[in-house]
Structures are given as C-alpha cells and as structure tokens.
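Structural description and commentary
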Amino acid sequence: MKPVNLNQFRKRKARAEKTARADANALKFGRSKADKARDAAEAENAARRLDGHRRDDE
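All of these numbers come straight from a predicted model, not from anything done at the bench.

Describing the overall build of the protein
Within the protein one finds two helices and zero strands. Against the 2.2 N^0.38 benchmark of 10 Å for 58 residues, the protein shows a C-alpha radius of gyration of 25 Å, more extended than a compact globule. Dimensions along the principal axes, computed over C-alpha positions, put the protein at roughly 85 × 20 × 10 Å. Taken over 58 residues, the protein has a buried fraction of 0%. Total accessible area computed for the protein in this model is approximately 6100 Å², and 54% of it derives from carbon and sulfur atoms. Side chains of the protein give 17 positive and 10 negative charges; the mean places of these two sets differ by 20 Å.

Laid out in structure tokens, this is it:
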C-alpha cells in the first residue's frame, strides 16, 4: 500500500468542494452575455420612451 500525504489529500478535497460550490453558484446566479445585453437594450429603450413622453413646459 502506498503512503498518502494527508495535507495534499485535504487540500485537494477542499479545492474540489470549492470548485463544485462555484459551479453551482454560476448556474444559480450567473447570466450569459446575451442576457446582460438584452437587459441593457431594454433599459435603454425604456429610458428613451420615458424621455419621449417628457413635457417641455419649462
């Protein structure tokens, strides 16, 4: 049987858990570039529409 370095084992396990947690968060909270671009375009259109309805009384 080959001896095992417990420090390396512990660090490898911690790295794997951290990567798994990061992947889960990316799926849960991450947005694609297309989603961000679509939201930005919608916000720009809404701002343009609002400015178009502004009154020029002043």
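Still more to cover.
Examining a nonpolar patch on the surface
On the surface, a nonpolar cluster with roughly 340 Å² of combined accessible area is contributed by Val4, Leu6 and Phe9. Residue position: Leu6 is located in helix H1 (residues 6–29). Owing to a relative accessible area of 62%, Leu6 belongs among the exposed residues under this scheme.

Parameters and conventions
Residues numbered from 1 in each chain as written. Predicted model: local features only at pLDDT ≥ 70, side-chain atom pairs only at ≥ 80, totals over all residues. Heavy atoms only, no water. Helix = DSSP H or I, 4+ residues; strand = E, 2+ residues; numbered from the N terminus. Rg over C-alpha atoms; globule rule 2.2 N^0.38 Å. Buried < 20%, exposed > 50% of the residue type's maximum accessible area, 1.4 Å probe, protein only. Areas by Shrake-Rupley, 256 points an atom, 1.4 Å probe, with all protein chains shown as cover. Lys, Arg positive; Asp, Glu negative; His and termini not counted. Charge placed at Lys NZ, Arg CZ, Asp CG, Glu CD. Patch = residues over 30% accessible without salt bridge, like charges linked within 9 Å, V, L, I, M, F, W, Y side chains within 5 Å. Salt bridge = Lys/Arg side-chain N within 4 Å of Asp/Glu carboxyl O.

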